[in-house]
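The residues making up each chain are set out below.
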Amino acid sequence: MRIGVDYYPEHWDESLWEQDAELMKKTGVRLVRLAEFAWCRLEPSDGDFDFSWLDKAIDIFSEKGIEVVLGTPTNCPPRWLCEAHPEILPAGDNAEINPIGIRGHRCLNSPVFRRYAERIVRQMAEHYRDSSTVTAWQIDNELEANICYCESCNKKHIEWLKGKYGTLEELNRAYGNVVWSGEYSAWEQIDPPYGGYNRAWLNPAYMLDYRRRTAEDVTEFAAFQADIIRSVIPDAKITTNTWFCSEMPDFYKLFEGLDFVSYDNYPTTIIPNEPEDIYTHAVHLDLMRGIKQQSFWIMEQLSGAMGCWMPMQKTPRPGMIKGYALQAFAHGADTVVHFRWRTANIGAEMHWHGLIDHSNVPGRRFEEFADLCREAENLTQYIGTELDSKIAVLYSVESEYALGLQPQTEGFSYMEQIKLMHQAFARFGVNVDIIGESADISKYRIVCVPALYVVHEDTVKKLCKFAENGGTVILTARSGVKDEHNNCIMQQLPTVYAELAGCHVSEYDPIGWGTGKVLFTDGESFTCKQWCDIIETDTARVLAQYDSDFYAGSPAVTLNLYGKGEVYYLGTFGERRLYEKLARSALDEQGIEYFPDLPMNVEVTTRSSEGGSVRFVFNNSKKEQSFNINGEEICLRPFEMKYI
Ligand code: GAL
Ligand code: ZN
C-alpha cells in the first residue's frame, strides 16, 4: 500500500517546503499531489508561464524520493483570463454569467476556455515530460456534469439533439411534446432547463437527454486533456478524482479513456446509533473499484474534522485515520492520498482539517497517520492483488439520473437501494462488486438489480441469459418502468422483466414514509416501506405476502425458476433484515461460502492473487468487537483492521 498527501506549496512560505518534505519522508509518505488549482501561479499573465516555483518544490520532493502527481489547474482559470474573456465563465439557470470568487468558474464547452486549457496543459506536459518524479497526472478536480446555460452550451445541445434525432418530428415524438403544446417547430426553440420553477414540471424525456449531454461534456473534456498529455508523454498515467456529487458524471464513460480511477473518500465521522443507518463507505469503494474493474486510488482521504461551507463535524475518532485508509485498501485502493498535509491557514477551506493543524504542531491524528504509514509498508506485498467476487450489484447511471429527476415516493433513493443490496451481502463477509450496466456479468453467480428503472435492451438480454445459465438475479420494484427516452412503457410492470420474474404487478402503492408488513411463508415478518407492488404470479412462487393494508394476502416477494437459474422479485422496499434474508437464501442456493455470524459493522474482504489470498477484517464501529472467523478468535478495537 502506498500513502500520499495532498500538498499546496503555493499556499505556504517557501521556507516550510523543505521541512514539510523532510517530515513526509521520515513519516513514510511516498507521493504528493500538487498544483491542481495553481493556474494563476503557473501562468501569471497571458502566455507568460512560470514553472520555477513548482520545479523547486518538485526538486525537493524528488530529493526525498517522494513521487509527484500533477493536477492540471483547469478548475480555476486566473482572473486575467476571466477579465479578458468573460465568455469562458459558466452561465447560471437565469442565463446570467456566474460571478467569480470561488472555483469551478469555467464552462467546459467554451471554445476560448478550451484554447487556454489546451495551452496550459500542453505547457505543463512539455515541461515535465522527462521528469522521473512526476509519475501520474490528475485532470482538473472533481469534474461534475457541465450544467451551464451559456450560448456555447445551448448551441452544442441543439447540435447534439440534431445528431441524435435527425428531425424535429422525431424529437417531438420521442419527447411526447404534444403534452402541454410543447412541440418544437424550429430547432432554435430548444432552450436549456432555465430556472424559476420546479424542475419536476419539465418534460422528463427532455431532462434525461439534457443530463446525458452534460455528462458527456465531462467525459469529452477529460478525454481532450488526456489526449494533450499523451501527445507529449505517450505513456503518462492519467486519472481524474471523482466523488458522489449532485450532478454526477457517468463514471463508466468518464474513466474509459483514463488509466485509473481515483476517488475522494470522506467517510462520516458521526457514527449513527440507529442500526438501520448504513454509514459504511465500503459501498462507495466497491463502486469505484467496479468502474474499471481494477484497483484504484484514493486521491483525497479523510484527515481531520470536515467543515467550511458547512459547520465543522466531529474530528475523526481514534482509529478512523488509520482504519478508513486501511478499509480503502481492503477494497482495492492500492494508493491512498490524504487530504491534506496541513490545514490551510488561508482561504475558504481553512476549516477543512488536514493531518496537521493550523499550529503546525503534529498531534494525535498525525501520530495515527504515521502509524498508518508504517503499516502500509507491510501491506506493499498485497498491491496488485484482486478482489474476486461472485456477487455483483448493478448500478445504472441512467436510472440514477432518471430517478433523480422524478422522485418516486417519499424516502426513496436509488443510491440507498444500491447500499441496501450491497450491505445485505457484504454483511456476511463476501466480496461484492458494484458494476455498471455494460459490464460482463457472466463471471458472477448472483447479480442484484435494484430499481433498474430505465430499460436498455442489452441489459435485459444479458440478465435473461445469466439466469438461463444458472445465475441468481434479484430484481426489485421500480424496474422496467421507463423506455430509453424516459417515457413509461405500456405494459404491466415489471414490463420487460415480467417473464424473467415470472410475475406481474396489477397495481402499486407508493406509501412513502408509511410502513407496512410482509410475512414470509416460513413465518418471518418484516417492515416494508416506501413502495408496495401488488403482485400476481405467473410462473413464480410466492415467498412472502403483504400483511397490511387493502392488499394483505397479495404476494410481495416471489421466486421464479428461469432456465437453470432463479429470479427473486422484491415488490417492496424494506428494513435491512429483509434484504439479508434474500441474500442468505441466494448464497445458500449458489453454494457460496460466507460468514453467517459476523457481528454488525465488522467488514471482511478478501484480496487474492496466484500466490494466495489475504483476508481483511475491519471493525467499522465505535465499540470493541470479539468474534470468531474460521476457528480464529479475533478482537478488534474501534476502527481497527487486521489481516489474516
Ligand atoms: C474535495 C475537493 C478538495 C477540497 C476537499 C475538502 O471535494 O476536491 O479540493 O475542497 O473537498 O473540502
Ligand atoms: Zn456553457
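Parameters and conventions
- Residues numbered from 1 in each chain as written.
- Chains lettered and ligands numbered in written order.
- Predicted model: local features only at pLDDT ≥ 70, side-chain atom pairs only at ≥ 80, totals over all residues.
- Heavy atoms only, no water.
- Helix = DSSP H or I, 4+ residues; strand = E, 2+ residues; numbered from the N terminus.
- Rg over C-alpha atoms; globule rule 2.2 N^0.38 Å.
- Buried < 20%, exposed > 50% of the residue type's maximum accessible area, 1.4 Å probe, protein only.
- Contact = heavy atoms within 4.5 Å.
- Areas by Shrake-Rupley, 256 points an atom, 1.4 Å probe, with all protein chains shown as cover.
- Pairing = 2+ DSSP bridges.
- Axes fitted to C-alpha atoms, helices over the stretch in contact; angles between N-to-C directions.
- Donors = N, O, S within 2.8 Å, 3.2 Å for Na, K, Ca; no water.
- Tetrahedral: all angles 85-135°; square planar, octahedral: opposite > 155°, others 65-115°.
- Left-handed = near helix turned anticlockwise from the far one by under 90°.
- Nonpolar A, V, L, I, M, F, W, Y, C, P; charged D, E, K, R; others polar.
- Parallel < 35°, antiparallel > 145°, perpendicular 65-115°, else oblique.
- Near = heavy atom within 4 Å.
- Polar contact = N/O pair within 3.5 Å; in protein donor to acceptor, adjacent residues only side chain to side chain.
- Phe/Tyr/Trp six-rings, centres within 6.5 Å; stacked < 30°, edge-to-face > 60°.
- Lys NZ or Arg CZ within 6 Å of the ring centre and 35° of its normal.

A few words on the overall build of the chain. Check the secondary structure of the chain and you find 17 helices and 24 strands. For a compact globule of 644 residues, the expected C-alpha radius of gyration is about 26 Å, and the chain comes in at 26 Å, within 12% of that figure. Across its three principal axes, the chain shows a C-alpha extent of roughly 75 × 75 × 45 Å. When the 644 residues of the chain are sorted by exposure, 60% land in the buried category. Look at the contacts in the chain between residues 6 or more apart in sequence, and 70% of them connect residues 24 or more apart. Put simply, the chain shows about 25,300 Å² of open surface, and 49% of that area lies on carbon and sulfur atoms.

Think of a sheet as strands paired side by side through backbone hydrogen bonds, with each pair either parallel or antiparallel. Read across the sheet, ten strands follow the order β11-β10-β12-β13-β18-β17-β16-β14-β15-β19 without closing on themselves; strand pairing throughout is mixed. Looking along the sheet, the strands with just one partner apiece sit at the ends: β11 (432–435) and β19 (572–574). Each neighbouring strand pair of the sheet contributes to a mean axis angle of 20°, computed without reference to strand direction. With four bridges joining them, strand β16 (residues 541–546) and strand β17 (residues 555–562) adopt antiparallel strand pairing. Within the sheet, the bridge partner assigned to Arg541 lies in β17 and is Leu559. Packed on one face of the sheet, helix α17 (residues 576–590) meets β10 (391–394), β12 (446–449), β13 (472–476), β14 (503–520), β15 (525–537), β17, β18 (565–570) and β19 and runs near 175° to β18.

What follows is about the coordination of the zinc ion (ligand 2). Within the protein, Cys107 (SG), Cys148 (SG), Cys150 (SG) and Cys153 (SG) serve as the donor atoms for the zinc ion (ligand 2), at 2.2 to 2.3 Å. Here the zinc ion (ligand 2) binds four donor atoms, and the angle range of 94 to 115° at the metal identifies the geometry as tetrahedral. In the primary structure, the donors to the zinc ion (ligand 2) are separated according to the pattern C-x40-C-x1-C-x2-C. Pair check on accessibility: Cys148 and Cys153 agree, each one buried.

The contact between helix α5 (residues 111–128) and helix α8 (residues 204–232) brings their axes to 9 Å, and the two run at 35°. For α5 against α8, the interelement crossing comes out right-handed. Contact residues: Phe113, Arg114, Ala117, Glu118, Val121, Arg122, Ala125 and Glu126 in α5; Glu220, Phe221, Phe224, Gln225, Ile228, Ile229, Ser231 and Val232 in α8. Class assignment of the residues belonging to the contact of α5 with α8 gives a composition of nine nonpolar, two polar and five charged.

Where helix α11 (residues 320–330) contacts helix α12 (residues 364–379), the axes come no closer than 8 Å and their chain directions differ by 30°. By the criterion of interaxial angle, the relationship of α11 to α12 is roughly parallel. Taken as a pair, α11 and α12 cross one another with a handedness that is right-handed. Each of Met320, Ile321, Lys322, Ala325, Leu326 and Phe329 in α11 lies in contact with α12, whose residues at this interface are Arg365, Glu368, Phe369, Asp371, Leu372, Glu375 and Leu379.

Lining the immediate surroundings of ligand 1 are Phe37, Arg103, Asn141, Glu142, Asp264, Tyr266, Glu300, Trp309, Phe339, Glu349 and Trp352. Asn141 is positioned such that a nitrogen or oxygen atom in its side chain is 2.9 Å from an oxygen atom of ligand 1. Within the side chain of Glu142, a nitrogen or oxygen atom sits 2.5 Å from an oxygen atom of ligand 1. Across the complex, the protein chains shield 97% of the 300 Å² of accessible surface that ligand 1 would expose by itself. Split into classes, the residues belonging to the shell around ligand 1 amount to five nonpolar, one polar and five charged.

Tallying each qualifying case throughout the model produces 36 aromatic pairs. Seen in terms of ring centroids, Phe244 and Phe251 are 5.5 Å apart; in terms of plane orientation they differ by 75°. Their pairing is edge-to-face. The class of Phe251 is buried, set by a relative accessible area of 0%. Members of the aromatic cluster, joined through ring pairs, are Tyr8, Phe37, Tyr266, Trp309, Phe339 and Trp352. For Arg114, the ring lying beneath its charged end belongs to Phe224, and the centroid distance is 4.5 Å. Positioned over the ring face of Phe329 is Arg607, at 4.5 Å from the centre of the ring.

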